[in-house]
Amino acid sequence: MKNKVLFIVTIIVVFLLGLLASSIINRKSEAKYEFVPKVEISENEPRNEVWGENYPKEYQSYLQTKDTTFRSFQGGSSMIDVLEEDPNLVILFAGYGFSKDYNQGRGHAYAIEDIHNTLRTGGPEGEGDGPMPSTCWTCKSPDVPRLMDEIGVTEFYSGKWADKGDQVVNPIGCADCHDPKSMKLRITRPALVEAFDAMGKDINDATHNEMRSLVCAQCHVEYYFNKDLPGKEGVPYLVFPWKEGMSVEDMEKYYDNIEFSDWTHQLSKAPMLKAQHPGYETFKTGVHADRGVSCADCHMPYKSEGGQKFTDHHIQSPLNNTSNACQVCHREESKKLIENVYERQAKSTENRLKLEDLLVRAHLEAKKCWDLGATEEQMKDILTDIRHAQWRWDFSAAAHGASFHAPVEIARVIGGGLVKAQDARLKLSRLLADLGHNKPIEMPDINTKEKAQKYIGLDIEKLEAEKERFKENLLPKWMEQAEEREAKMDTKKAVTSTEE
C-alpha cells in the first residue's frame, strides 16, 4: 500500500516538475525570440508609434500616460487648475504668464496638447506672432532633437513659438531618451551637456544607472533663457544655471552675478526669478539619490509580461504603483507608505503656505510704498529680499515631489525663505512709517482666481477668445501641414533572418 502511494506521489511530482520545466523552456523561448524588429528606425524618427512597432510592450505601457484618473496629494496625473486652488499665486506671478494660467501637467502623452491649450502661449495668428519664444518647445517633443539636427541648435531657439508649430507635433517619447540603433540611453538636449561642461564635468562619464536619471534631467530641472551669450546675442538660448552648483543658494548666486530676472513684478517692481521645476536638483539632495536610486527605479520600474522583463514606460507617480515602485525595497504595506509620503508633504506645504502669505503681503506693501513716493534707493534692499524669498518659495513649490524627494532640504529652503520674507516686511513697515503710513495696508479681496486676476488687471475673456481663435484657425493648419510632412517620411521594413 505504501509503495503504491509513493508511486502515485512520485508520478504527480514528476508531472508537476515537467510542467515547471515546460513553462521555463517556453518563457526562455519567448524571451529569446520576442524581439524581432519590424521596421528600421531612423536616427531622428520622432513618431512614437513607429518605435512601438519594434517595442510594443514599452509602447503600450507608454500609452497609459494618457490615464488621468490618479490624483495624489500633490497632483498625480489629473489636470489641476493651480490658480483656482490657490489664488495667491496670481499675485505672486503678477506681470508674468503664470498669472494667466497655471495647470498641473498631465502625463507625457499630453505634452503637445497641453502647450497648445495653455493661455501662456497666447493666441498667435501666424509666424512671428505670440508672446513666447521657440525655446518653449524644447522639452515637449522628440521632434526637437530632429529639428536641432536639421537646422542647428541656435536656429531652433530663434524666433517665436508659433514659428515651429507645424514641426513639433509628437509628444514626449522614445527618441528623447534612446538611441534608435542600440536603444542605449542618450542625451538629446544640449543644455544638459553644456551645464555639465560649465561645472567642469564630462557627461560621457556617466554610468548607466546615472543615465536613468540624467535622461529625466534634460527637462525636469531649473533653466532660463539667456539672450546675451557671445555669438548668440538676442537668441533666447536655453541654459541650466549650474555653474556655481545646484543648490538654491548656488543658482541664486549665479543669477545675481549676471543680474538676470525672468520678469519685473507688476505690483512690487521686484526683479523676479521664476523657478521652473528643479526636480533633478532637489532629488540629488535626498536619501534615495544618496542610496543610488535612479528616477526610473521609482517612476519607471521594471515589469514582467510573458517571460519578458522590461522598463514600464507608464511614467507616473510611484504612489499609483507601490508594489513595483516602492515595495521592492520597502516592506511596509502600501497604505502605510502612502500615509508616510502624504504626512511629509502636508507638513512641508504647511510652512510653504506661511511663506506664500508673507510674500503676498510683501508685494502689496511694496506697491503701497511706491504709491506713496518711495525712491528706488529706498526700495532696493527690500526688493532683493522679496526676490530671494520668493525664489525659495518657488524652488520648493515648483520642484514637484521635492517635499518627498528631499524633505530635509526643502524644510531648510522654506525656512530661509521665511526669514528673508520677514526681513522684507520689517523693512517695509519702517519705510511705510517714514512715508506717513503707520498702519497695516488694506488687503484687497483676492480669495478667488477671478478676483485676483481682475485686481492685477488681466482681461481673461480677451485672452481666452484669442486662444480659441488660434485653436480654430492656426492650429488645424499646423496639424494638416505636419500630417503631410510625416506622410512623406520613409519607414523601411526591417530585414529579418527569415526574409534573407
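Draft legend 1. The packing of aromatic side chains, seen in detail. Under the counting rule described, the total for this entry stands at 26 aromatic pairs. For the ring pair Tyr 223 and Phe 225, a centre distance of 6.0 Å and an interplane angle of 20 degrees mean the geometry is stacked. Classification of Phe 225 as partly exposed rests on a relative accessible area of 22%. Put simply, the rings of Phe 93, Tyr 96, Phe 98, Tyr 102, Trp 263 and Trp 393 pair up and form one aromatic cluster. A cation over an aromatic ring shows up here: Arg 120 above the ring of Phe 98, its NZ or CZ 4.0 Å from the ring centre. The ring of Phe 156 has Lys 164 sitting right over it, with the charged end atom 5.7 Å from the ring centre.

Draft legend 2. Broad picture of the pairing of strand β8 (residues 302-305). Bridging between β8 and strand β9 (residues 308-311) involves four bridges; their strand directions are antiparallel. Residue Ser 304 lies in a different strand from β9, and its bridge partner there is Lys 309. Counting the residues between successive antiparallel strands, the hairpin from β8 to β9 contains two residues, one of them, Gly 306, with a positive phi of roughly 55 degrees.

Draft legend 3. Up close: the side chain of His 363. The topology assignment puts His 363 in helix α16 (residues 334-371). A residue is classified by how much of its surface remains accessible, and His 363, at 0% relative accessible area, is buried. A distance of 2.9 Å separates the side chain of His 363 from the side chain of Ser 268, its partner in a polar contact.

Draft legend 4. Fine view of helix α3 (residues 56-63). Along α3, the residues that are buried comprise Tyr 59, Ser 61 and Tyr 62. Seen along its axis, α3 keeps its buried residues to an arc of 165 degrees; they face one direction. Buried-residue contacts for α3 involve α2 (48-54) and β9.

Draft legend 5. Spotlight on the packing of α16 against helix α19 (residues 407-434). Across the interface, α16 lies against α19 with an axial gap of 9 Å and an inter-helix angle of 25 degrees. Our classification of the angle between α16 and α19 gives roughly parallel. Crossing of α16 against α19: the hand is left-handed. In this structure, α16 uses Ser 348, Asn 351, Arg 352, Lys 354, Leu 355, Leu 358, Arg 361, Ala 362, Glu 365, Ala 366, Lys 368 and Cys 369 to contact α19, whose residues at the interface are Ile 410, Ile 414, Gly 417, Leu 418, Ala 421, Gln 422, Arg 425, Leu 428, Leu 431 and Leu 432. Class assignment of the residues belonging to the contact of α16 with α19 gives a composition of 12 nonpolar, four polar and six charged.

Draft legend 6. Molecular detail of the nonpolar core. Ranked by internal contacts, the top residues of the largest apolar core, which has 50 residues, are Phe 240 and Trp 242. Once residues lying within four places of it in the same chain are set aside, the contact partners of Trp 242 are Leu 192, Ala 195, Phe 196, Met 199, Val 221, Glu 222, Met 251, Tyr 280 and Glu 281. Of all hydrophobic cores here, the second largest spans 43 residues; its members include Leu 92, Leu 358, Ala 424 and Ala 452.

Draft legend 7. Layout of the packing of helix α11 (residues 248-257) against helix α17 (residues 376-398). Put simply, α11 and α17 touch, their axes get as near as 11 Å, and they point 135 degrees apart. In terms of their interaxial angle, α11 and α17 are classed as oblique. At the point where α11 passes α17, the crossing takes the right-handed sense. Residues Val 248, Glu 249, Met 251, Glu 252, Tyr 255 and Asp 256 of α11 pack against Arg 387, His 388, Trp 391, Arg 392 and Phe 395 of α17. For the contact of α11 with α17, the residue count by class is five nonpolar, one polar and five charged.

Draft legend 8. View of the environment of Tyr 223. Structurally, Tyr 223 is set in the loop between α10 (208-217) and β4 (224-226). Excluding residues that lie within four positions of it along the chain, Tyr 223 makes contacts with Leu 238, Val 239, Phe 240, Pro 241, Tyr 255, Gln 276 and His 277.

Draft legend 9. Quick peek at the environment of Pro 171. For Pro 171, the location among the structural elements is in the loop between α8 (153-157) and α9 (190-198). Here Pro 171 falls in the buried class, since its relative accessible area comes to 18%. Taking the C-alpha atoms as reference, Pro 171 lies 6.1 Å from Lys 140; in sequence the two are 31 residues apart. When residues no more than four places from it in sequence are discounted, the contact partners of Pro 171 are Asn 48, Tyr 62, His 108, Ala 109, Ala 111, Ile 112, Lys 140, Ser 141 and Pro 142.

Draft legend 10. Region of the structure containing the state of the cysteines. Applying the stated criterion across every chain, the model contains zero disulfides. The thiol of Cys 326 is not disulfide-bonded; the next cysteine sulfur, from Cys 298, is found 6.5 Å away. Take Cys 329: it sits in no disulfide, and the sulfur closest to it among the cysteines is that of Cys 298, at 7.5 Å.

Draft legend 11. Up close: the pattern of salt bridges. What the rule picks out here adds up to 28 salt bridges. A salt bridge links Lys 451 to Asp 445; the nearest nitrogen and oxygen atoms lie 2.9 Å apart. We classify Lys 451 as partly exposed; its relative accessible area is 37%. For Asp 445, a relative accessible area of 44% puts it in the partly exposed group. Several salt bridges share partner residues, and in doing so they unite Lys 57, Lys 303 and Glu 305 into one network.

The rules behind these values
Residues numbered from 1 in each chain as written. Predicted model: local features only at pLDDT ≥ 70, side-chain atom pairs only at ≥ 80, totals over all residues. Heavy atoms only, no water. Phe/Tyr/Trp six-rings, centres within 6.5 Å; stacked < 30°, edge-to-face > 60°. Buried < 20%, exposed > 50% of the residue type's maximum accessible area, 1.4 Å probe, protein only. Lys NZ or Arg CZ within 6 Å of the ring centre and 35° of its normal. Pairing = 2+ DSSP bridges. Helix = DSSP H or I, 4+ residues; strand = E, 2+ residues; numbered from the N terminus. Polar contact = N/O pair within 3.5 Å; in protein donor to acceptor, adjacent residues only side chain to side chain. Arc of directions from axis to C-beta. Contact = heavy atoms within 4.5 Å. Axes fitted to C-alpha atoms, helices over the stretch in contact; angles between N-to-C directions. Parallel < 35°, antiparallel > 145°, perpendicular 65-115°, else oblique. Left-handed = near helix turned anticlockwise from the far one by under 90°. Nonpolar A, V, L, I, M, F, W, Y, C, P; charged D, E, K, R; others polar. Core = buried A, V, L, I, M, F, W, Y, C linked by side-chain atoms within 4.5 Å. Disulfide = S-S within 2.5 Å. Salt bridge = Lys/Arg side-chain N within 4 Å of Asp/Glu carboxyl O.

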